[in-house]
Each structure stands twice: as structure tokens, then as C-alpha cells.
Amino acid sequence: MHQESLSLLLTLIEKKQALLSQVFYRWGKGSALFIIRICFKQISVYNTLGRRKDQINGRTTCYMCEQANTTPEHVPPKCIFPEVKDLGIDYRKSLITVPSCDAHNLRKSKDDEYLMFVLTCSITNNEAAMKQIETKILRAWRRNSRLKELLLRINRPIIAKGKSTLAFKVDIGRVNRSLDWIARGLYYNQYEKKWSAKLRIESPAMLFLEGKDALKSNKILNHMGVAVNHALSDLPKIGENPDIFWYQMLHNSPGELLINMMFFGGLQVFAFNKSGMA
Ligand SMILES: [Zn+2]
């Protein structure tokens with residue numbers, strides 16, 4: 001099965017034909033699947049993690065810790081937002097930044113591109129994501145051996161929405177950590193203080209395909225997504241580039257927090273403190 005999937009993928013890449021595929025992500029004890037699509041075309045060298053090192057007011061501390069603020073950090077990462085040169089539209093209007101220390105900036109930078117890949121490729125996404133896949137994702141894929149490795153983990157052909165496609169594993173722990181940091185960054189940006197309690201990260205876009213509780217888990221996640229949308233329906237959707245990202249935040253009491261995030265018009269992720277969902 002591995003061989004078949006891989007050879008099919010490589011054949012398609014070689015031909016440089018557009019490939020539309022839905023890809024599963026799995027993690028943890030069971031198998032969680034996150035359906036994505038990939039499209040391969042021309043590729044060139046690209047560096048998505050070029051970061052400024054602006055020295056800003058040293059009196060503030062990092063959004064994640066008590067170290068000195070040395071670098072403004074984008075939340076979500078800037079690389080998620082398409083570039084004008086690729087889509088012909090300015091999707092980087094008024095991006096949110098928070099103060100960060102060197103350590104958190106460095107660690108986050110390492111995960112940003114991976115997160116970009118995962119978020120952009122969801123089958124739930126809009127046309128902007130598709131164009132981002134055809135441009136930036138492909139450049140990154142060609143340049144970044146870790147992304148290649150990720151794709152080579154494709155492990156099964158599947159049928160999704162009536163079409164044959166491929167599946168591969170994802171490091172969901174890593175993705176969730178990045179999403180956790182985004183949620184904390186959004187909280188900091190809104191309230192100018194740190195969220196230090198735990199956050200749970202969930203996404204209805206993630207499906208379990210294996211394990212005896214797979215269907216049940218998928219239903220629960222789906223219901224949670226609907227419940228979150230309903231609970232926050234009166235709140236404004238914040239974000240200057242809503243085709244790429246917007247969020248809502250519910251924070252009525254000190255210990256309760258619920259952040260609803262939407263990437264590329266269809267990939268919902270929510271972050272909450274447990275008491276916030278009780
Ligand atoms: Zn820090």
C-alpha cells in the first residue's frame with residue numbers, strides 16, 4: 001500500500017500535473033484524520049521564514065514568558081497569509097503582532113512552515129488556499145526536506161467526496177502546539193496580558209478513521225464545532241483578511257476562555273480552557 005501510494009504521487013509530481021488530493025492526518029493512540037488537498041505544479045526556491053529582528057520597547061515581556069521582548073511575532077504566522085506576488089491580492093493587511101523573546105521566536109519559527117502547510121491544505125478551504133498551495137506550498141515543498149518527508153509518509157489511498165486520493169500522517173502534537181501559541185497570542189493582543197492556564201485545541205476538520213471510537217469521536221468534534229459557532233454567533237469576527245483568517249473570542253470570566261479561529265474560510269479550530277466549555 002505504501003509503495004503504491006508513493007509511486008502514484010511521484011508519478012504525478014514528475015509529470016508536473018496538477019494533482020488534487022485529499023490527505024489524512026493521523027495522530028496519537030487512535031487515528032485522527034485531517035482531510036487536505038495538495039496540488040503540484042512548478043516549483044522554485046523560496047524562503048518563507050525570513051524574519052525581521054526589530055528591537056522594540058524592551059520594557060515589555062514576551063507574550064509566552066517573562067523574558068524580555070526582543071522581536072514582534074505574527075499571530076497567526078505571517079507565512080500563512082498569501083503574498084501579493086502569488087495571488088495578486090493583499091492578504092497581509094494589518095497583521096497581528098505580539099512581543100516575543102528570542103527563544104519563543106526561534107522555536108515558533110521552526111514550526112511556522114509546517115503549520116502553514118497543514119492549515120493551507122485542508123479540503124475545507126477556499127480558493128485562496130488552493131492558490132496558495134499552487135504557489136507557496138510548492139516552493140516550500142521543493143526547498144524543505146522536512147516537508148518532503150511529510151509527504152512521503154503518505155500511507156494509504158482513500159476515496160473522499162467520490163474521488164480517489166491519498167493519505168498521510170501528520171504530527172498533530174506539533175500542529176496543536178502552534179495553534180495553542182496562536183490562541184495565546186490572540187489573547188495577548190486583545191487583553192494585553194498573558195493567558196497562562198491550559199488550553200485545549202480541537203478542530204472539526206480532524207477526523208478519526210481508525211479505532212473503535214472513531215465515528216463517535218468525529219461526531220463529538222462536529223457537534224463541538226457547531227456548538228462553538230452557535231455560542232459565539234453574536235460576537236464580531238476579527239481579522240482584516242477574513243478570507244485567510246478571522247477569530248472570535250469569548251472571555252466572560254477570568255478562568256474561562258473560548259477562541260474560535262477560522263482559516264481559509266473553512267478550517268475551524270477552537271481553543272478553550274476546560275471550564276470555558278463546561
Ligand atoms: Zn518567551
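Attention here is on the structure that accompanies the text. As the structure is a prediction and not an experimental result, all values here were calculated from the model.

**Regarding the overall build of the protein**
Along the backbone of the protein there are seven helices and 12 strands. Expressed as a percentage of the 278 residues in the protein, the buried residues total 41%. Long-range contacts, defined as pairs at least 24 residues apart, comprise 64% of the intrachain contacts of the protein with a sequence gap of at least 6.

**Considerations on unusual backbone geometry**
With an omega dihedral of -10 degrees, the bond running from V75 to P76 counts as a cis peptide bond. Among the secondary structure elements, P76 is positioned in the loop between β4 (71-74) and α2 (84-87). Not every positive phi belongs to a glycine, and S94 is a case in point at roughly 45 degrees. Mapped onto the secondary structure, S94 falls in the loop between α2 and β5 (97-100).

**Points about the environment of F117**
Positionally, F117 belongs in helix α3 (residues 102-120). For F117, a count of 25 C-beta atoms within 10 Å puts it in the buried group. For F117 and C79, which are 38 residues apart along the polypeptide, the C-alpha to C-alpha distance reads 9.7 Å. In this structure F117 touches I137, A140 and L147, once residues within four positions along its chain are discounted.

Reading the values: rules and limits
Residue positions are given per chain, counted from 1 along the sequence in the order it is written. pLDDT decides what is reported in this predicted model: residues at 70 or higher carry local features, side-chain atom pairs at 80 or more are listed and counted, and totals for whole chains, interfaces and linings draw on all residues regardless. Comment: elements are numbered from the N terminus, with helices defined as DSSP H or I runs of at least four residues and strands as E runs of at least two. Partly exposed residues are those falling between the two cut-offs: more than 12 but fewer than 20 other C-beta atoms within 10 Å of their own, whereas 20 or more means buried and 12 or fewer means exposed, with C-beta atoms placed from the backbone. With C-beta atoms placed from the backbone, a contact is any residue pair whose C-beta atoms sit within 7 Å.

Don't take any of this as a statement about function, it's just geometry.
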